[in-house]
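Here is how the chains run, residue by residue.
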Amino acid sequence: MLVHFGKLRLRLVFAVTFVVIVYNEWVSYTVSKFDWASLPLRASLSDDAVRLLFVADPQIQGYRYEPTGLAGYVMRWDSDRYLKNSFSFALSHEKPDVVVFLGDLMDEGSIASNDHFADYKSRFLSIFHVPDDVKVVSIPGDNDIGGEGADVVTDEKTQRFDDTFGKETYVQFKFVEFVKINLLTQSDSYKNIPKKQDGHFRIILTHVPLLPARQSFVQKVVNTLNPDLIISAHDHLARLLESDRQSFKPKIMDSMEQKGRLWNIDCKSQNLYEIMVPTCSYRMGVPKSGYGVAIIRPNGKLEYTVLWMPERFPQLFVYFGVLLFVLFLFLPFFCCHCCSCFASFRHKERY
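Keep in mind that this is a model prediction, so the values were computed, not measured. Here the residue numbering is sequential within each chain, running from 1 through the sequence in written order. Two thresholds apply to this predicted model, a pLDDT of at least 70 for residue-level local features and 80 or more for giving and counting side-chain atom pairs, whereas whole-chain, interface and lining totals are computed over all residues. To obtain the side-chain values, all non-hydrogen atoms of the structure were included, while hydrogens and water were left out.

Colleague: For this particular structure, what's the right way to read unusual backbone geometry?
Modeller: Excluding glycine, a negative phi dihedral is what most residues carry, and trans is how most peptide bonds are arranged. Phi at Gln186 takes a positive value of approximately 50°, unusual for a residue other than glycine. Checked against the element boundaries, Gln186 lands in the loop between strand E5 (176–180) and strand E6 (201–205). Judged by relative accessible area, which is 37%, Gln186 ranks as partly exposed. The backbone of Asn226 sits at a positive phi, close to 50°, despite the residue not being glycine. Note on exposure labels: buried denotes an accessible area under 20% of the residue type's maximum, exposed denotes more than 50%, and partly exposed covers the range between, all computed with a 1.4 Å probe on protein chains only. Asn226 sits in the partly exposed class, given a relative accessible area of 39%. Here a strand is any run of E in DSSP of at least two residues, a helix any run of H or I of at least four, and the numbering for each starts at the N terminus.

Put into structure tokens, the structure is as follows:
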């Protein structure tokens, strides 16, 4: 009778565990789509429209600040797996023309040895696999080359990142021009960028937001490049800033933390807009993570939304609950079995 009862418990555990794993690791991504804003499908767009996917602050975990041993391995493995699954899901759903990585690609890139940096690069490319027919643009963040606190930027760190992810300051795809700006180094390489062509759409890519900084460097950059839009990251949140091009004082700060929101922006207006893209990692201390998506048309009209992904920490808590559930089911059975074995052993000792 006890053995039969144990088999029933074992089947129940397998069933519950199977359902939880399938939902957390696969079904939850499909469910999350119901909270996304509806963007025009690729097939319904004109050939001139450009579709962009923004990846901000993935910060793949390193070795120095993570626990050692098995705990650290499991934490890195789970973070990498989440990033890979979520990115693959966003990529297959949107089918972008260009994927833009907005810095802080690694958590410990700036302080990594060359061997560790090579390992992080290999993991990064494995996680964020982009098809050959999709354009990739990458910029560094402070975790990649330094620039925040005591972690200073050096030529060696910058060169190492550029050699790995590309060093072009100016990239063009169709009518969209991307210009990389680094507020951390305040490099003047932007002065060598060609004048914006008529009918083109110019985007400044920066890891650290520009408009909130309100520095003279920012004003020089904007006046020289005359951008239609600024895209940034760093703060791990989804925000929209609108500023007067003369004063650079933000007039509107809107949030996209609410699911299902869609921003329609006329970037050819007199105002300058900056979109802050949220982190795609659940390890950044914010409850939500996702990927930015934009559709840009030749007339300067832009549609932007965030593809919010399943929240990972609640899923991990569910796994912990399942573990407690398993212990609750089998602990009495295990105790009874141990007591029975102990009683049998004592009985043999007596006789």
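That was the structure; now back to the text.
Colleague: Teacher, can you tell me more about the sheet that holds strand E7 (residues 229–232) here?
Modeller: Strand pairing within a sheet occurs via backbone hydrogen bonds; the two strands may be parallel or antiparallel. Strand order in the open sheet formed by seven strands is E4-E5-E6-E7-E11-E8-E9, with mixed pairing between adjacent strands. Across the chains shown, the open sheet's two edge strands, defined by having one partner strand only, are strand E4 (170–173) and strand E9 (250–255). Here the strands of the sheet are splayed against their neighbours by 20° on average, with no regard to which way each runs. Strands qualify as paired when DSSP identifies two bridges or more between them. Of the strand pairs in this sheet, strand E8 (residues 239–244) and E9 are connected by five bridges, and their pairing is antiparallel. In the strand pairing of E9, Ser243 is matched with Pro250. Axis lines are fitted to C-alpha atoms, over the contacting stretch for helices. Their N-to-C directions set the angle, which ranges from 0 to 180 degrees.

Colleague: Help me out: how do you make sense of the packing of aromatic side chains in this one?
Modeller: For any pair of aromatic rings, geometry is given as the distance between the ring centres together with the angle between the planes. In this analysis, rings of Phe, Tyr and Trp, with Trp reduced to its six-membered ring, are considered paired at centre separations within 6.5 Å, and the interplanar angle assigns stacked below 30 degrees, edge-to-face beyond 60, and tilted for intermediate values. This model, assessed by the stated rule, comprises 15 aromatic pairs. Centre to centre, the rings of Tyr63 and Tyr120 are 5.6 Å apart; their planes meet at 25°, and the pair counts as stacked. Remark: Tyr120 occurs in helix H3 (residues 114–127) and Tyr63 occurs in the loop between strand E1 (50–55) and helix H2 (69–94); sequence separation between them is 57 residues. Tyr120 sits in the buried class, given a relative accessible area of 1%. Consider the rings of Tyr190 and Phe217, whose centres lie 5.9 Å apart with planes at 85°: the pair is edge-to-face. Taken as a pair, Tyr190 in the loop between E5 and E6 and Phe217 in helix H6 (residues 216–225) lie far apart in primary sequence, 27 residues in all. In terms of burial, Tyr190 and Phe217 fall into one category: buried. An aromatic cluster is built from Phe87, Phe101, Phe124, Phe128, Phe161, Phe165 and Tyr291, whose rings are joined through pairwise contacts. To sit over a ring, a charge needs its Lys NZ or Arg CZ within 6 Å of the ring centre and within 35 degrees of the ring normal. Over the aromatic face of Trp26 sits the side chain of Arg81, whose NZ or CZ is 5.8 Å from the ring centroid. In this structure, Lys288 packs its charged tip against the face of Trp308, placed 5.7 Å from the ring centre.

Function cannot be inferred from these measures alone, as they are strictly geometric.
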